[in-house]
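# Geometric and topological summary
Single-letter residue listing:
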Amino acid sequence: MNKSIVLKNGIKEFNLKNENIIAMDNVELEIVPGKMYVVMGHSGSGKSTLIQILGLLDTLTEGKLYINGEETSNLTEDEKAEIRMKEIGFVFQSFYLNPKLTALENVILPMYINNEIPSQKRKERAIQLLKSFGLESRMNHYPKELSGGEQQRIAISRALVNNPTFILADEPTGNLDAKNEKIVYEYLKKLSQEGKAIVVVSHNENIKEYADKIYYMEDGKLRE
Amino acid sequence: MRVKDYIFLAKSNLSRRKKSVFISCFLIVVSMLVLILSLSFTISMKSAMNKAILKNISYRTIVINGKSKEDIPRIMEDVKSVSNVIKVVSQKEYSYGSSNFYISGKEYNGSINLLGADKDIQPNIIAGREIEKNEKLVCIIPKEFYPYNSTEKYQKDKVIDGESLIGKEIKINYNSYYYKPAESILKNTFSKTFTVIGVYDNEESFSNNNDCYISFDDIYEIQETIENDSEIIDQIVVFPNSVYAIIDSSDNMKKAVEDIQNLGYNATPRSVANIDLINVINVVAILITVVILLIVVVNLVISSIKSINDRSYEIGMLKAIGYKDKNIQNIVFTENLIIGVLSYIITLIFAFILMLIAKYKIVSGNRELEMMNININLIVCLIAFLISTIIPILTAKVSARKALTKTIVQLNKEG
C-alpha cells in the first residue's frame, strides 16, 4: 500500500462571534514519503489549521481527507488516535515537553501506548534516537536544563520514536535562534531523504532552500 | 499501556502540584482518622457491653417492686409463671453488701457485694468449680479480686489473685441494730464463713471486681437474721420488699418485662446498658467524617480540574501523539488513586500511633476502659480503605471528563 495523505476540496469554516470565517478554502494537497513540503503564509492565513486537519487533530467542514487510502471522516476518536500514534509525528513551536520528565523519558512517552514496541526495547530505541540527534550527554536532563534547540531536537525525537511516515511540524523554529533553526531544518531535510514525508508550516523564508515543494497559503487558499 | 507506566506518569504529574496533593492527603487522613478511631472506639465499647449483657446476671434481672413485705409471696408466685423466667427470688435472697470481712484470716474494712447464685445461675467459672445444687457456705470470687469500694481510686497493688484464694475462707460479719430516730446503734454482730470454690472472669462478664457469688439461701439467712434481730424504736424502717426475676437470656428481657407489667406489677430491668452515648458518638463521628469527605471530594475535583487546565497543552500533546481518552482518564485516575492509597497508609500509621498513645496514656489504669479492650477495628479499616480509594476514583472521572470533552485544538490553544 502506498503511503500518502490526500486532501480533496478541503474546506474548514469557523464561527467566531457569530461571524463565519473560512480558514481553508477548497484545499487540494497530496503528501507522499521522501519529500519535504513547506507551507508558507502569514499569521492567520490558515496554515496551522491545515496541519491540524492533516494530522487528524481537527475535522473538515467539507471535503475529504485520505490517509494511506482510507477516508477519515467516519473514523472514531480512538481510531484517529491509533493513526496519529502509528503514522503521524507532531513537532510544535513550543516543544510541549513534560517538565517533570527527563529528555529520555519525554522521548519514551509515545511508546507507552505502542504495543508493537516491547517495553524492554523502548529505552534502547529512545537512546538511539537521542544519540542520532547528538543529545546522548543530555538525555538525563530536564527540559528546563536544556537550550531551545536541544528541546526542539528532543521534540523531534519524540515525534519519530514510533517510526511514523509523516512528520507535521508547526513553526518548528519559531522559538529558536538562527543557529538552532539551521540545525532543525537540516534534520528535517535529512529525515525526508531517509523516506519520511515532512510537512512544515512556517512564515520563515529561510526554510525554502530545504523544501522539495513549497506552497503558499493566503486567506485559506493554497497555491504552489 | 502498562500499569507501571500509568503509575510513573501519575507520579511525575503529582510532583508538579505538591501543595494541592498535600491538602487532599491531609483532608483524607483527618476524615479517615476520625472515622477509624471513633468507630473502633465505639465498636469496642458496644462489643464489651454486649458481652457484659450476655454474661452478667444483673443485665438479665428484672426488679418487681411490692408495696409491702406481705406482697412478696404472691408476686413471686405470679412471676414464676412468666415465660423465660428461670428463677424468682426475693430481694432478701438476691444481694447483700458487706463492709467488714476477713479474707484468709486478714481483716478488711472494704466492700464486697454478695450476690445470690445457684447451680443454674452463676457466672462462667474459669478455675475451681461451680456451686452445686443446695450447696451452702461456699463462694465464687472474681479472677481479679478487689475487695474495696469501686468509687475509691483503683489501686492495682491491692488486687488479689482470685485463684490463689481457692480453698481459702472468707468470713463475713453482719450486724443487727437498734433503729432509733436519731441514730442506729449496733446490737449484735453475726458471722458466716464461706470457702472459696471457684473463680470467674470479671472482665469478661463486665462485673465489678468485688462481686462474690454465694447461694441464695445464705443471702436470705443473712438478711433474715438482720431483720429479725434488729429492733425498731419509734420510727419506720422499710426492709427489702422487692422481688427479682432472673431471665434465661438478655435477649428476652424486653418481652419478659412487658409480660410482668401485663400482670399489673411495676417491673424494670435491674441494669440497663446505656448505649445512647455510644450511638451519639457514632452519629457525630460519621457526620464529621461525611462533612470532611465532602470537602475532600470538592477539593480533589477542584485540584484535579485545575491541574488539568494547567496542563491543557500537555493533554493536547498527549492526544496529538496518539493517547486515547481512556489513557488520559486512566492517568488522572491513577494520580487520584495514589493520593487515596498514600493517605490511607498515612491514616493507618497515625491511627495505630494514636491508639497506642491512648492505650498507654488514657486507658491504662482505668479499669472500665481496660475492660473494653479498645483496638483498631479491621472492618472499619477496610471501609476506610474503600472510601479512600473510591472517592479519588469518582473525582478522577468527573475531572477527566472536563478535559476529554475538549478538542485537541482547544486544549492546545488553552495551553
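Here the structure is shown first, and the text comes after it.
Residues numbered from 1 in each chain as written. Chains lettered and ligands numbered in written order. Predicted model: local features only at pLDDT ≥ 70, side-chain atom pairs only at ≥ 80, totals over all residues. Heavy atoms only, no water.

### Considering a nonpolar patch on the surface
Quick note on the threshold: Patch construction takes residues with relative accessible area above 30% that form no salt bridge. Like charges are linked within 9 Å, and nonpolar side chains (Val, Leu, Ile, Met, Phe, Trp, Tyr) are linked within 5 Å. Computed by Shrake-Rupley with a 1.4 Å probe, the accessible areas treat only the displayed protein chains as cover when residues are assessed. Any carboxyl oxygen of Asp or Glu that lies within 4 Å of a side-chain nitrogen of Lys or Arg is treated as forming a salt bridge with it. Secondary structure elements follow DSSP: runs of H or I no shorter than four residues count as helices, runs of E no shorter than two count as strands, and numbering proceeds from the N terminus.
On the surface, B:Ile345, B:Ile349, B:Phe350, B:Ile353, B:Leu354 and B:Ile357 cluster together to form a nonpolar patch covering roughly 530 Å² of accessible area. For B:Leu354, the location among the structural elements is in helix H9 (residues 325-363).

### Regarding the sheet that holds strand S1 (residues 61-65) of chain B
Residue and element names in this part refer to chain B. Our working definition: Two strands pair if DSSP finds at least two bridges between them. Orientation is described by axes fitted as lines to C-alpha atoms, over the contacting stretch for helices, and by angles from 0 to 180 degrees between their N-to-C directions. When checking whether two residues touch, look at their non-hydrogen atoms; a contact exists if any pair is within 4.5 Å.
Pairing within the open sheet is antiparallel, and its 4 strands lie in the order S2-S15-S1-S16. In the strand order of this sheet, the two ends are held by strand S2 (85-90) and strand S16 (266-269), each with one partner. The sheet shows a mean angle of 25° between the axes of neighbouring strands, direction not considered. Across 4 bridges, S1 lies against S16 in antiparallel orientation. Of the residues in S16, the one forming a bridge with Ile62 is Pro269. Against the sheet, helix H6 (residues 253-262) touches S1, strand S15 (242-247) and S16, its axis set at about 15° to S1.

### Comments concerning the pairing of strand S3 (residues 36-41) of chain A
All names here are of chain A. Condition: For every residue, the accessible area obtained with a 1.4 Å probe (protein chains only) is divided by the maximum for its type, and the residue is called buried under 20%, exposed over 50%, and partly exposed between those limits.
Taken across its 6 residues, S3 has 6 buried, putting it largely inside the fold. Of the two faces of S3, the one lined by Met36, Val38 and Met40 and the one lined by Tyr37, Val39 and Gly41 are each fully buried. Where S3 and strand S9 (residues 213-218) come together, 5 bridges link them in parallel fashion. Counted as the bridge partner of Val39 is Tyr215 from S9.

### Thoughts on the interface of chain B and chain A
Our working rule: The quantity reported as buried area is the accessible area (1.4 Å probe) lost by two parts once they are put together, taken as the sum for both. A 3.5 Å cut-off defines polar contacts: any pair of N or O atoms within that distance qualifies, except that in protein one atom must be a possible hydrogen donor and the other a possible acceptor, and neighbouring residues in sequence count only when both atoms are side-chain atoms.
Counting from both sides, the interface comprises 24 residues of chain B and, opposite them, 25 residues of chain A. A buried area of about 2300 Å², summed over both sides, lies between chain B and chain A, and 63% of it is on carbon and sulfur atoms. Run the count over chain B and chain A and you get 2 salt bridges. A:Arg122 is paired through a salt bridge with B:Asp5; the nearest N and O atoms lie 3.1 Å apart. The interface formed by chain B and chain A contains 4 residue pairs in polar contact (both at pLDDT 80 or more). Of all elements in the fold, only helix H1 (3-14), helix H8 (312-320), H9 and helix H12 (408-414) of chain B reach the threshold of two or more residues within the side of chain B that touches chain A. With 6 residues, the top contributor of residues to the side of chain B that touches chain A is H8(B).

### Quick notes on the packing of helix H5 (residues 148-160) of chain A against helix H6 (residues 178-193) of chain A
A pair of packed helices is characterised by two quantities: the angle between their axes and the separation of those axes. Residues and elements named next belong to chain A. Rules: In what follows, roughly perpendicular refers to angles from 65 to 115 degrees, roughly parallel to angles under 35, roughly antiparallel to angles over 145, and oblique to any angle outside these ranges. Whether a crossing is left-handed or right-handed is set by the direction in which the near helix is turned from the far one by less than a right angle, anticlockwise for left-handed and clockwise for right-handed.
Interhelical geometry of H5 versus H6 gives an angle of 15° and a closest axis separation of 9 Å. In terms of their interaxial angle, H5 and H6 are classed as roughly parallel. Relative to H6, H5 is oriented so that their crossing is right-handed. Between H5 and H6, the residues in contact are Gly149, Gln152, Arg153, Ile156 and Leu160 and Asn180, Ile183, Val184, Tyr187, Leu188 and Leu191, respectively.

### Thoughts on the environment of B:Leu165
Residues and elements named next belong to chain B. Counting through the fold element by element, Leu165 comes out in the loop between strand S10 (160-161) and strand S11 (169-179). When the C-alpha positions of Leu165 and Leu342 are compared, they lie 54 Å apart, and in sequence the two are 177 residues distant. Once you skip the residues sitting within four places of it in the chain, Leu165 turns out to touch Ile103, Ser104, Ile141, Phe145, Ile160 and Val196.

### Looking at the side chain of B:Ser31
Residues and elements named next belong to chain B. Within the element layout of this structure, Ser31 appears in helix H2 (residues 18-55). Residue Ser31 is classed as buried on the basis of its relative accessible area of 0%. Not counting chain neighbours up to four residues away, the residues in contact with Ser31 comprise Thr289, Ile292, Leu293 and Val296.

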